[in-house]
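Listed below, chain by chain, are the residues.
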Amino acid sequence: MTQKDIQMGTKAVWAGEKEYLVHGATQVPVVLSVAYTYDDMDEWYDVAIGKKKGHIYGRNTNPTVQAFEDKVKILEGGEAATSFSTGMAAISNTLATFLLPGDRIVSVKDTYGGTNKIFTEFLPRQNIEVALAETGNHESIEAEVAKGCKILYLETPTNPTVKITDIERMAKAGHEVGAIVIIDNTFGTPINQNPLELGVDLVIHSATKFLGGHADALGGVLVGSHELVEQVYHYREINGATMDPMAAYLTLRGMKTLHIRVREQCKNAMALAKYLQTKELVEDVFYPGLETHPNHDIAKKQMKDFGGMLSFAVKGGVDTVRDLLPKLQYAHRAANLGAVETTVGPARTTSHVECTPEERAAMGIPEGLIRVSCGIENIEDIIADFEQAFKHVESAVKI
Ligand SMILES: *Cc1c(COP(=O)(O)O)cnc(C)c1O
């Protein structure tokens, strides 16, 4: 059997681990050692210059961290992977590796809030031109790309309004001008969406979210060709945004149930989205699985399922949000997403807290927008929980 014939669930459980199992252990050990000792000076030298496999120092490589990288690499179907202390470190290190003063990058307006800050605050001051096109408007992105760019940076579905961009079409557009095409696949997850198969060059994940799945470890990861990943690895090993071995272990363990968690999260998100559409207090529901979603067809084409993230806008804006969210019993009111527990939060407090109200408005994010990361609880209980919370608020707010 080749890797391609093996199903995702089997890969999630087994992939990438074997060579790290020592002393008959069935689980990858957490290696906390910072340095590695050598009696043979020639061997030490060969490992140090990368001629021989092995480890030298924890900022460069670590066996536990490598096991995690190998698992993600196999799930995404890439040649190579490298990891980072956080998802933002993966994004900033990747961009810093390839962008030089005078270069141009094209992306979309509603990327993750931190990414958007890199585009609007940090890149311009290094004399890097950033062009942000309308999210989900393919012609507008293609027009910017056609002017030339070093990088085309995509995110789909987006945070928090789950807009969808056609990955295959954008990869083609990027390659026509010789750009490196990068995608943040955090919301997609390797279970639902494999952008390398659609022509993208580099895939980034915030491992903190769905990959880990338990909201107890920070991390980021990058997957792609040897040639590109090596360059980013080199930037990261020198600049130091290395993933911690304990975080790598927790994420690796979380990933063994990735396919099951994501399957339940998708099921729950679809059911919750349909339920929310029936509520009078709800102005709008954003979920790529709904036929009312403007790019539902593209989502259907490039995703195996529609993901665990949805958002909805309530009538009465921030005031309703303030009343509604504390009434929920089975949802953390927190900034995180992708965990086994349902998590809710206003976009203005979570994903886009770095933005001004004007910037949020420009990105099409209403102040009354609530982002929901569906957990793996029984959906009947989640819907009943929302139902009782709506009842409280509906009796208070005249609608
Ligand atoms: C959370 C998130 C990030 C940043 O990841 P951190 O691990 O928090 O640094 C990047 N992109 C998306 C889509 C995210 O949800």
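Everything numeric here is computed off the predicted structure, so don't read it as measured data. Every residue gets a number counted from 1 within its own chain, in the order that chain's sequence is written. Local features are withheld for residues below a pLDDT of 70 in this predicted model, meaning they are given only at 70 or higher, and side-chain atom pairs are given and counted only at 80 or more; totals for whole chains, interfaces and linings count all residues. Side-chain numbers come from the whole structure's heavy atoms, not from hydrogens or water.

Student: Describe the sheet that holds strand S12 (residues 369–373), and please don't skip the residues or the numbers.
Tutor: Sheets are built from strands paired through backbone hydrogen bonds, the pairs being either parallel or antiparallel. Taking strand neighbours across the sheet as the criterion, the five strands line up as S8-S9-S12-S11-S10 in an open arrangement whose pairing is mixed. Here the strands that pair on one side only, and so sit at the sheet edges, are strand S8 (282–286) and strand S10 (332–333). One requirement defines pairing of two strands: DSSP has to find at least two bridges between them. Runs of E in the DSSP output that reach at least two residues are strands. Runs of H or I that reach at least four are helices, and both are numbered from the N terminus. Both S8 and strand S9 (residues 309–314) contribute to a ladder of four bridges, which runs antiparallel. From the neighbouring strand, Val285 faces S9, where its bridge partner is Phe312. Strands S8, S9 and S12 of the sheet are contacted by helix H11 (residues 258–277), whose axis makes an angle of about 15° with S9. Strand contacts of helix H13 (residues 317–324): S9, strand S11 (343–346) and S12, with the helix running at about 120° to S9, the strand carrying the most contacts. Contacts are assigned to residue pairs with any non-hydrogen atoms lying within 4.5 Å of each other. Simply put, an axis is a line fit to the C-alpha atoms, just over the touching stretch for a helix, and the angle between two N-to-C directions goes from 0 to 180 degrees.

Student: Before we move on, can you summarise the packing of aromatic side chains with the specific residues and values?
Tutor: For Phe, Tyr and Trp, rings pair up if their centres lie within 6.5 Å, where Trp contributes its six-membered ring, and each pair is then called stacked (planes under 30 degrees apart), edge-to-face (over 60) or tilted (otherwise). In the structure shown here, the tally under the stated rule is six aromatic pairs. Ring plane angle 80° and centroid distance 5.5 Å describe the contact between Phe119 and Tyr153, whose orientation is recorded as edge-to-face. Placement of Phe119 in helix H5 (residues 113–122) and of Tyr153 in strand S4 (residues 151–155) is noted, with a sequence separation of 34 residues between them. Each member of the pair, Phe119 together with Tyr153, is buried. Here the aromatic rings of Phe312 and Phe386 are separated by 6.3 Å at their centres, their planes lie at 70°, and the arrangement is edge-to-face. For every residue, the accessible area (1.4 Å probe, protein chains only) is compared with the maximum for its type, and the residue is labelled buried under 20%, exposed over 50%, or partly exposed between those bounds.

Student: If you had to explain the domain arrangement of the protein to someone new, which residues and values would you point to?
Tutor: For every domain, the bounds stem from an assignment made automatically or drawn from a database. When cut into domains, the protein gives domain 1 (3–255) and domain 2 (258–394). Summarising the inter-unit geometry, the C-alpha centres of domain 1 and domain 2 are found 26 Å apart. Listed per partner, the contact involves 44 residues of domain 1 and 39 residues of domain 2. Buried area between domain 1 and domain 2, summed over both chains or domains, comes out near 3,300 Å², and the portion from carbon and sulfur atoms is 61%. Within this document, salt bridges are pairs made up of a side-chain nitrogen of Lys or Arg and a carboxyl oxygen of Asp or Glu, the two lying within 4 Å of each other. Between domain 1 and domain 2 we count one salt bridge in total. Across the pair Asp166 and Lys301 runs a salt bridge whose closest N-O atoms are separated by 2.7 Å. Take the accessible area each of two parts loses on contact, using a 1.4 Å probe, and add the two losses: that sum is the buried area.

Student: So what about the pairing of strand S7 (residues 220–224)? Which residues, and what values?
Tutor: The buried fraction of S7 is high, at five of five residues. The side-chain alternation of S7 yields two buried faces, one formed by Gly220, Leu222 and Gly224 and the other by Val221 and Val223. Note that strand S1 (residues 80–84) and S7 share five bridges and pair antiparallel. For Thr82, the partnering residue across the bridge sits in S7 and is Leu222.

Student: I'd like a description of the pattern of salt bridges, backed by residues and values.
Tutor: One pass over the full model with this rule turns up 20 salt bridges. For the salt bridge of Glu264 with Lys267, the shortest nitrogen-to-oxygen distance reads 3.2 Å. Of this pair, Glu264 and Lys267 both sit in helix H11, separated by three residues, roughly a single helical turn. Overlapping salt bridges, with partners in common, bring together Arg104, Glu129, Glu144 and Lys147 in one network.

Student: I'd love a proper account of the UniProt feature "modified residue: N6-(pyridoxal phosphate)lysine" (unreviewed entry) in the protein, names of residues and values included.
Tutor: UniProt positions are given in the numbering used here, feature names are shortened, and annotations may be inferred rather than shown by experiment. Those places that UniProt annotates as "modified residue: N6-(pyridoxal phosphate)lysine" (unreviewed entry) correspond, in this numbering, to Lys209. By the element assignment, Lys209 lies in the loop between strand S6 (202–206) and S7. Among all residues touching Lys209, those that are not within four sequence positions of it are Tyr112, Thr186, Asn336, Leu337 and Gly338.

Student: How would you sum up H5? Please name residues and give values.
Tutor: The buried fraction of H5 is high, at seven of 10 residues. As for H5, its buried residues are in contact with helix H4 (87–98), strand S2 (104–108), strand S3 (129–133), S4 and helix H14 (357–362).

Student: Account for the site of the ligand, with residues named and values stated.
Tutor: If you check the shell around the ligand, you find 15 residues, and the closest are Gly87, Met88, Asp184, Thr208 and Lys209. The separation between an oxygen atom of the ligand and a polar side-chain atom of Ser206 is 2.9 Å. Any pair of nitrogen or oxygen atoms within 3.5 Å is treated as a polar contact; in protein, a donor-acceptor pairing is required on top of that, and neighbouring residues in sequence qualify only through side-chain atoms on both sides. Taking Thr208, its side chain carries an N or O atom lying 2.7 Å from an oxygen atom of the ligand. Here the ligand has 390 Å² of accessible area as a free molecule, and 93% of this is covered by the chains. The element best represented in the shell around the ligand is H4, accounting for three residues. In the scheme used here, Gly and all other residues not listed as nonpolar or charged are polar, with Ala, Val, Leu, Ile, Met, Phe, Trp, Tyr, Cys and Pro taken as nonpolar and Asp, Glu, Lys and Arg as charged. Across the shell around the ligand, the residue classes tally to five nonpolar, seven polar and three charged. Here, proximity means that at least one heavy atom of the residue falls within 4 Å of the molecule or strand. Under the convention used here, a 1.4 Å probe and the Shrake-Rupley method define accessible areas, while residue burial counts only the protein chains that appear.

Student: Account for the packing of helix H3 (residues 63–76) against helix H10 (residues 245–255), naming residues and giving values.
Tutor: Direction vectors running N to C along H3 and H10 enclose 35°, while the axes themselves pass 8 Å from each other. H3 and H10 meet at a crossing whose hand is left-handed. Of H10, the residues touching H3 (which contributes Thr64, Val65, Ala67, Phe68, Lys71, Val72 and Leu75) are Pro245, Ala248, Tyr249, Thr251, Leu252 and Met255. It is the rotation of the near helix from the far one that decides the hand of a crossing: anticlockwise by less than a right angle makes it left-handed, clockwise makes it right-handed.

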